[in-house]
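Topology and contacts: notes
Letter by letter, the chains look like this.
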Amino acid sequence: MDASWVNQAIDKIEADFQRSADTHLIKLELPFLNGIDIYLKDESTHPTGSLKHRLARSLFLYALCNGWIKEGTTVIESSSGSTAVSEAYFARLLGLPFIAVMPKSTAKRKIQQIEFYGGKCHFVDHSSEIYAESERLAKTLGGHYMDQFTYAERATDWRGNNNIANSIFSQMQREPFPTPEWVVMSPGTGGTSATIGRYIRYQRLSSKLCVVDPENSVFYDYYTTGNATISCNKGSRIEGIGRPRVEPSFIPGVVDHMIKVPDAASIATINWLEKLIGRKTGPSTGTNLFGALLLAAEMQKAGQQGSIVTLICDPGERYLDTCYNPDWIAAKIGCYRHYSEQLEQMERTGALTLTQCS
Ligand SMILES: *Cc1c(COP(=O)(O)O)cnc(C)c1O
């Protein structure tokens, strides 16, 4: 009896996937780079507006096949917002109750979207509290804690099967440099980086994976020191990425290089990108692109040619009250003009180096 519900649930997710289109790979027009092409995989166009649409689909399928979700199971998730928006969508598709446990600082727009899909939001003061609170809720309600931070890396098919890496590399096929020199990604769960990194190894490609970490996050320090017990007590200001603890889905062995990108540089970069493509993007896209531009500048300096691929993770409309609000910027980030000037200088000279704001 229950098996038939599970079968129908899997059918519904597969049919939803069948109706879906792939996301675009956008080539940037950057005349100041000679023979270096930068591409953005635009994950903002999924039905639920971010790359977490892929993750939510995988997590639901994984939990259904493991027997963790059955008819009527309440699904609980710890999330800074985007995952919860996408999971609320799939919970509604399956007729399941959904509760997101999130920091109270989460962007209003994301809260509205979770509620739009029929999910409930449960707030904690600090982003480090979301894990324990999710476990507690799941126990009390007899629900299932999805736990994206643990399962992101293993719920996704890393060898192919239309995963994001598969899609990027096939969309690159007719480009001047079809195998990117670098793929650049910022870690939240670390799942996307793990999928891309493993795919590159498995396909024996020459591409390297660069992971870009924001401030108030431990991934960079973990990568450079190997110490998995470090934590930081401030939450990341770049929503979706940067974590206060080393997440189990972050796999350092697949990462070739890491860069710590200042938050002010991420904000400068989304404003710079808006002038280039006429669209607002989320702040983690700024982190990604600033990292990609640093690598492009290094390649240019070394006389190298090739391509770099990074991601638009979500749209900027979600952040009108934060990253695109001058008051929020003044209070949380401070002045980012230093980095805007650096980007303008790159347009003139092709050079960009990571220097701190003075
Ligand atoms: C989750 C997320 C990321 C990071 O992706 P992971 O696969 O979790 O590492 C980046 N940007 C946004 C907006 C996200 O929601």
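Scoring rules and cut-offs
Residues numbered from 1 in each chain as written. Predicted model: local features only at pLDDT ≥ 70, side-chain atom pairs only at ≥ 80, totals over all residues. Heavy atoms only, no water. Domains from an automatic or database assignment. Buried area = accessible area lost by both parts, 1.4 Å probe. Salt bridge = Lys/Arg side-chain N within 4 Å of Asp/Glu carboxyl O. Pairing = 2+ DSSP bridges. Helix = DSSP H or I, 4+ residues; strand = E, 2+ residues; numbered from the N terminus. Axes fitted to C-alpha atoms, helices over the stretch in contact; angles between N-to-C directions. Near = heavy atom within 4 Å. Polar contact = N/O pair within 3.5 Å; in protein donor to acceptor, adjacent residues only side chain to side chain. Areas by Shrake-Rupley, 256 points an atom, 1.4 Å probe, with all protein chains shown as cover. Nonpolar A, V, L, I, M, F, W, Y, C, P; charged D, E, K, R; others polar. Buried < 20%, exposed > 50% of the residue type's maximum accessible area, 1.4 Å probe, protein only. Core = buried A, V, L, I, M, F, W, Y, C linked by side-chain atoms within 4.5 Å. Contact = heavy atoms within 4.5 Å. Parallel < 35°, antiparallel > 145°, perpendicular 65-115°, else oblique. Left-handed = near helix turned anticlockwise from the far one by under 90°.

Domain assignment breaks the protein chain into domain 1 (3–47 + 164–349) and domain 2 (53–152). Computed from C-alpha atoms alone, the centre-to-centre distance between domain 1 and domain 2 is 23 Å. Between domain 1 and domain 2 the total buried area reaches about 3,000 Å² when both faces are included, carbon and sulfur atoms providing 57% of it. Here domain 1 is connected to domain 2 by four salt bridges.

Turning our eyes to something else, we now look at the sheet that holds strand β8 (residues 208–213). Spatial ordering of the open sheet is given by β1-β2-β10-β7-β8-β9, a layout of six strands whose pairing is mixed. Sheet topology places β1 (25–27) and β9 (257–260) at the edges, where each strand pairs with a single neighbour. Adjacent strand axes in the sheet meet at a mean angle of 25°, parallel and antiparallel pairs treated alike. Alignment of strand β7 (residues 182–185) against strand β10 (residues 306–312), held across two bridges, turns out to be parallel. Paired with V183 across the bridge in β10 is V309.

As a further point, take the site of the ligand. In the region of the ligand, 16 residues are neighbours, and K52, G188, T189, T192 and S284 sit closest. Contact distances for the ligand include 3.2 Å between an oxygen atom and a side-chain N or O atom of S82. Summarising the interface, the protein chains cover 98% of the accessible area of the ligand, which totals 380 Å² for the free molecule. When its residues are assigned to classes, the shell around the ligand shows five nonpolar, nine polar and two charged.

Okay, the pairing of β10 next. The two faces of the sheet receive side chains in turn, since in a regular strand these alternate between them. Judged by how many residues are buried, β10 sits mostly within the fold: seven of seven residues are covered. Examined bridge by bridge, strand β2 (residues 36–42) and β10 share seven bridges and lie parallel to one another. Note on β10: the bridge partner recorded for I38 is I308.

By size, the foremost hydrophobic cluster in this structure holds 41 residues, and its most contacted members are I38, L289, L293 and I308. For this core, the secondary-structure elements that each account for two or more residues are β2, β7, β8, α10 (263–277), α11 (283–301), β10, α12 (326–332) and α13 (337–349). Top contributing element to this core by residue count: α11, with nine residues. Once you skip the residues sitting within four places of it in the chain, I308 turns out to touch I36, D37, I38, Y39, W182, V184, A292, L295, A296 and M299. If you look at the next biggest cluster of nonpolar residues, it comprises 32 residues, including W5, V75, Y89 and Y151.

The next point concerns the packing of α11 against α13. Direction vectors running N to C along α11 and α13 enclose 40°, while the axes themselves pass 12 Å from each other. By the angle between their axes, α11 is oblique relative to α13. Handedness of the α11/α13 crossing: left-handed. Counted together, F290, L293 and A297 of α11 and Y339, Q342, L343 and M346 of α13 form the full contact between these two elements.

This part covers the side chain of T285. Structurally, T285 can be placed in helix α11. With a relative accessible area of 0%, T285 lands in the buried category. With residues up to four places along the chain from it excluded, the contact list for T285 reads L273, L311, I312, C313 and D314.

This paragraph deals with helix α6 (residues 148–155). Along α6, seven of the eight residues are buried, which leaves the element largely enclosed by surrounding structure. The inward-facing, buried residues of α6 abut α2 (52–65), β3 (75–78), α3 (82–94), α5 (130–141) and α8 (191–202).

Let us now look at the pairing of β2. With seven of seven residues buried, β2 lies mostly within the body of the structure. Taking every second residue as pointing to the same face, both faces of β2 are buried, with I36, I38, L40 and D42 on one and D37, Y39 and K41 on the other. Sheet topology places β1 next to β2; three bridges connect them, and they run antiparallel. Residue pairing across strands places K27 opposite Y39, the latter belonging to β2.

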